[in-house]
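In case you want the letters, here they are:
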Amino acid sequence: MKDAADAILRPEQAAYLDGIEPTRDPLLVEMEAYAKANRQPISDPEVASFLAVTARLSGARKIVEVGTNIGYGAIVLARAAGPDARVITIEHDAATAAVARSFIERAGLSSQVEVREADALAALALLTDEIDLVYIDCVKEHYPAYLDLVLPKLSARGVIIADNVLWKGLVAAADVPPHELGRVQALRTFNHAIVSDSRLRGVVLPLGDGVAYAARV
Ligand SMILES: C[S@@+](CC[C@H](N)C(=O)[O-])C[C@H]1O[C@@H](n2cnc3c(N)ncnc32)[C@H](O)[C@@H]1O
């Protein structure tokens, strides 16, 4: 299971939740081991489970992931949404995108998942189709700008999920180290919009490193 310390759960609570997980998918387990060995920041398994439930429940057909890394979230989303869904996932690093494509191919999802090699802000600005589900998991300082770009493109029952919005608890801390201030301020702005923008009904969940979850209203 994951190695990172939980920022929100107490250790015994995290161990309990790990212990009740069913048998894991071997490819995802391999990807978790690859990510650990190569210090790649993939989503937490519990966040992946949340993505899968939401993709399934929402009936999303057009899914956009902001931040691909090795393709872990994209594979989870595509599998859960089913063969009629399409996932565009955005990654600016060519070598990382190549690793993602090879895992996606091994998952048998190459025709369903497109890894778009580009800067996330530029790629989001270029998207023209409606989006049913967007998973934001990229540059924390850019979360407010990602939201501004995706909100007008969200379909009538569209869903936004964003990872790491409590940022190791620092988003709620009184004293924030100077080197974290830019990220923390951007995440505070983003979380405020998630719960108060009149176009959304949203909540911040204490899952993983904090997950924002909002539906278009
Ligand atoms: C946290 S990881 C994504 C994890 C992935 N969503 C998952 O579920 O496993 C963030 C990724 O965003 C990429 N990234 C960073 N800056 C970016 C940018 N400006 N545009 C596109 N991708 C970027 C990083 O290279 C990294 O692979």
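As a reminder, the structure under discussion sits directly above these lines.
The shown structure was predicted, so the numbers you read here are calculated from the model rather than taken from an experiment.

S.K.: Help me understand the packing of aromatic side chains, please; the structure alone is not making it clear to me.
M.R.: The geometry of an aromatic ring pair comes down to the distance between the two centres and the angle between the two planes. Across all of its chains, the model carries four aromatic pairs by this definition. Ring geometry for Phe-50 against Tyr-213: centres 4.8 Å apart, planes inclined by 80 degrees, an arrangement best described as edge-to-face. Taken together, the residues Phe-50 in helix α3 (residues 45-58) and Tyr-213 in strand β7 (residues 211-216) connect sequence positions 163 residues apart. The exposure class assigned to Tyr-213 is partly exposed, which follows from its relative accessible area of 26%.

S.K.: Would you mind going over the sheet that holds strand β1 (residues 62-66) with me for this structure?
M.R.: Two modes of strand pairing occur in sheets, parallel and antiparallel, and in both the strands are linked by backbone hydrogen bonds. Strand order in this open sheet of seven strands is β3-β2-β1-β4-β5-β7-β6, and the pairing throughout is mixed. Looking at which strands have only one partner, the edges of the open sheet turn out to be β3 (113-117) and β6 (200-205). Geometrically, the sheet is characterised by an average inter-axis angle of 15 degrees between neighbouring strands, direction not taken into account. The sheet contact formed by strand β2 (residues 86-91) and β3 spans five bridges and is parallel. Bridge assignment links Ile-90 to a residue of β3, and that residue is Arg-116. The sheet strands contacting helix α5 (residues 94-106) are β2 and β3, and the helix crosses β3 at an angle near 175 degrees. Here helix α7 (residues 143-150) sits on the sheet and contacts β1, β4 (131-136), β5 (154-163) and β6; the angle it forms with β5, its principal contact strand, is near 165 degrees.

S.K.: I would appreciate a short explanation of the nonpolar core in the present structure.
M.R.: Nonpolar side chains tend toward joint burial in soluble globular proteins. The biggest cluster of nonpolar side chains holds 36 residues, and the ones touching the most others in it are Met-31, Ile-75, Leu-133 and Ile-161. Among the elements that line this core, the one with the most residues is helix α4 (residues 72-81), at eight residues. Excluding residues within four positions of it along the chain, Leu-133 makes contact with Thr-54, Ala-55, Ser-58, Ala-60, Lys-62, Ile-63, Val-64, Leu-77, Val-159 and Ile-161. Core analysis: the next-biggest nonpolar cluster, separate from the first, contains 31 residues, Ile-136, Tyr-143, Leu-147 and Leu-200 among them.

S.K.: What is the right way to read the site of the ligand from this model?
M.R.: Near the ligand there are 18 residues, and of these Ser-43, Glu-65, Gly-67, Glu-91 and Asp-137 occur at the shortest range. Between the ligand and the protein, one listed contact pairs an oxygen atom with a side-chain N or O atom of Asn-69 at 3.0 Å. Protein coverage of the free-state accessible area of the ligand, which is 610 Å², stands at 88%. Partitioned by chemical class, the residues of the shell around the ligand number eight nonpolar, six polar and four charged.

S.K.: Help me out: how do you make sense of helix α2 (residues 26-37) in this one?
M.R.: Given 3.6 residues per helical turn, the α-helix brings residues three or four places apart onto the same face. For α2, which comprises 12 residues, the first-to-last C-alpha distance of 16 Å matches the rise-based estimate of 16 Å (1.5 Å per residue) to within 8%. Turning to α2, its buried residues are Leu-27, Leu-28, Met-31, Glu-32 and Ala-35. Buried residues of α2 fall within an arc of 140 degrees about the axis and therefore sit on the same side. Of the exposed residues in α2, those oriented more than 90 degrees away from the buried face are Pro-26, Lys-36 and Ala-37. Here the buried face of α2 lies against α3, α4 and α5. The opening residue of α2 is Asp-25, an N-cap whose side-chain oxygen sits 2.8 Å from the backbone nitrogen of Leu-27. Residue Arg-39 follows α2 closely and has a positive phi angle near 50 degrees.

Reading guide: rules and limits
Residues numbered from 1 in each chain as written. Predicted model: local features only at pLDDT ≥ 70, side-chain atom pairs only at ≥ 80, totals over all residues. Heavy atoms only, no water. Phe/Tyr/Trp six-rings, centres within 6.5 Å; stacked < 30°, edge-to-face > 60°. Helix = DSSP H or I, 4+ residues; strand = E, 2+ residues; numbered from the N terminus. Buried < 20%, exposed > 50% of the residue type's maximum accessible area, 1.4 Å probe, protein only. Pairing = 2+ DSSP bridges. Axes fitted to C-alpha atoms, helices over the stretch in contact; angles between N-to-C directions. Contact = heavy atoms within 4.5 Å. Core = buried A, V, L, I, M, F, W, Y, C linked by side-chain atoms within 4.5 Å. Near = heavy atom within 4 Å. Polar contact = N/O pair within 3.5 Å; in protein donor to acceptor, adjacent residues only side chain to side chain. Areas by Shrake-Rupley, 256 points an atom, 1.4 Å probe, with all protein chains shown as cover. Nonpolar A, V, L, I, M, F, W, Y, C, P; charged D, E, K, R; others polar. Expected span 1.5 Å × (residues − 1). Arc of directions from axis to C-beta.

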